[in-house]
Amino acid sequence: MRTRLLLSALIVALVMAITPRAEAARGDGSPTDANISFTGRWDASVPTAYVPFWAGAYLTTGFTGRTVKLSQRNTIDLYYSIDGGAWVYIQNVRGTVSLTPTPLATGNHTLRVSYRVVAGSYHGDAVFQGLLLDPGATTYATAAPPKLIEFVGDSITVGTTTSKNALTAYGWLIGERLGVRHTQIAQGGACLVATADGCVGLEASFPKLNPNAGTPNWDFSRYQANAVVLNLGTNDVGHGVSTTTFQASYTHLLQEVRAAYPAAAIFALETFTRRYAAQTRTAVATRNSAGDANVYYVPTEGWLTSANMSDNVHPNDSGHTVIADRLAPIITARL
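The structure reproduced in this document is the subject of the present report. Each chain has its residues counted from 1, following the order in which its sequence is written. For this predicted model, a pLDDT threshold of at least 70 governs which residues receive local features, and a threshold of 80 or more governs which side-chain atom pairs are given and counted, while totals over whole chains, interfaces and linings are taken from all residues. The basis for every side-chain value is the complete set of non-hydrogen atoms in the structure, without hydrogens or water.

Some words on the state of the cysteines
Part 1 of the argument: Any cysteine sulfur atom paired with another within 2.5 Å is treated as part of a disulfide. Under the definition given, this model contains 1 disulfide.
Part 2 of the argument: There is a disulfide in this structure between C191 and C199, and the S-S distance comes to 2.0 Å. Linking C191 and C199, the disulfide has an S-S dihedral of approximately 105 degrees and is accordingly described as right-handed. Each member of the pair C191 and C199 is classed as buried. For every residue, the accessible area obtained with a 1.4 Å probe (protein chains only) is divided by the maximum for its type, and the residue is called buried under 20%, exposed over 50%, and partly exposed between those limits.

Below is the structure:
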């Protein structure tokens, strides 16, 4: 009997020695670390390298120790904030990237990282390969806000021409102000309708992980939005989209959003240029008549002045703040 017990104990010890314990995978800073929260559409198909698509994706975690570093594949620009402090912008970094050139006080800390969106003429390598921590240090989960708002649009929603791009766009500002998670499913130059001359159409691309790839589709079970804000139509005029086509496509996009997020409040903004305003309003009315009462048209006349614009189309930092001031209460009332 004693021999049998000793043999059983030896087998258990061997199994434990060769089988990775669940605890060992937690808190190590790898992309699969359950303590790291990824907000937005991240490609997690490669467990050693997570890739964000669209604008304004970010990761959040807590960590112990005095230093933290990022493991990056190739050159990228990124923003990071430690312990809720001001965002720090670093450019053209790769490999092991220190985020704490001056070591922190010993204790618990929080970290947020957002990569510059890879689009247009910018071709950085936004690939998260993990965090490097002090010996004996670990990550820990931070409290995630229970609600999420998704902002869908073009370069205005991206934050083009603002000081910190996605981080100074109205969607990010509203999300931070309301204390919710937030995504910016937006791309510079995008239209509502995909056109023969190459304009990316959000009607077709909204369900995608990557706006510039045919597949795969995004898995909407990974998060559910409580509210969705659509701001589309500014670019379609320049690509010859007719009002009839625009209205039908907007109605279909509203159906797509509803299918993805059955309980979300959906807000369709009048474009700040007032392009396709009547068609946007009619698309909302069509959905309301079909029984979807949780879709709302948002007029925006008078929101912006020339002082709030960096050019004839794009709001500047003050313009995005004005939009956030106007839009946040409207969303809050339905959130």
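Some remarks on the packing of aromatic side chains
Part 1 of the argument: Ring pairs shown here join Phe, Tyr and Trp side chains whose ring centres sit within 6.5 Å, with only the six-membered ring taken for Trp; geometry is labelled stacked below 30 degrees between planes, edge-to-face above 60, and tilted in between. Scanning the model with the defined rule gives 17 aromatic pairs in all.
Part 2 of the argument: Between W218 and Y223 the ring centres are 5.7 Å apart and the planes differ by 45 degrees, which places this aromatic pair in the tilted class. In terms of burial, W218 and Y223 fall into one category: buried.
Part 3 of the argument: In this structure an aromatic cluster arises from ring pairing among F38, W42, Y50, Y115 and F128.
Part 4 of the argument: Just above the ring of F206 sits the side chain of R41; from NZ or CZ to the centre is 5.2 Å.
Part 5 of the argument: The rule is short: NZ of Lys or CZ of Arg within 6 Å of the ring centre and within 35 degrees of the ring normal puts a charge over the ring. When the ring centre of Y58 is taken as reference, the NZ or CZ atom of R112 above it lies at 4.8 Å.

A word on the side chain of T100
Part 1 of the argument: For helices the rule is a DSSP run of H or I covering at least 4 residues; for strands it is a run of E covering at least 2, with both sets numbered from the N terminus onward. Examined against the element boundaries, T100 turns out to sit in the loop between β4 (88-98) and β5 (108-115).
Part 2 of the argument: Residue classification places T100 among the buried positions, given a relative accessible area of 6%.
Part 3 of the argument: The residues contacting T100, other than those within four sequence positions of it, are R66, T67, V68 and I82. By definition in these notes, contact holds between two residues if any of their heavy atoms fall within 4.5 Å.

Re the nonpolar core
Part 1 of the argument: In this text, buried Ala, Val, Leu, Ile, Met, Phe, Trp, Tyr and Cys residues form a nonpolar core when linked through side-chain atoms within 4.5 Å. One finds L230 and Y261 to be the most contacted residues of the largest nonpolar core, which totals 34 residues.
Part 2 of the argument: If you list the elements that add at least two residues to this core, you get β8 (148-153), β10 (227-231), α6 (243-260), β11 (265-269), α7 (277-289) and β12 (295-298).
Part 3 of the argument: Counting residues per element, this core draws most heavily on α6, at 6 residues.
Part 4 of the argument: Ignoring anything within four residues of it in the chain, the contact list for L230 reads V152, Y250, L253, L254, V257, I266, F267, A268 and L269.
Part 5 of the argument: Listed in part, the 25 residues of the second largest apolar core include I36, I76, I82 and Y115.

Examining helix α4 (residues 170-178)
Part 1 of the argument: Turning to α4, its buried residues are Y170, G171, W172, I174 and G175.
Part 2 of the argument: G179 lies just past α4 and shows a positive phi near 70 degrees.

Let's talk about the environment of T215
Part 1 of the argument: One can find T215 in the loop between α5 (202-205) and β10.
Part 2 of the argument: Counting along the chain gives 85 residues from T215 to T300, while the straight-line C-alpha distance between them is 35 Å.

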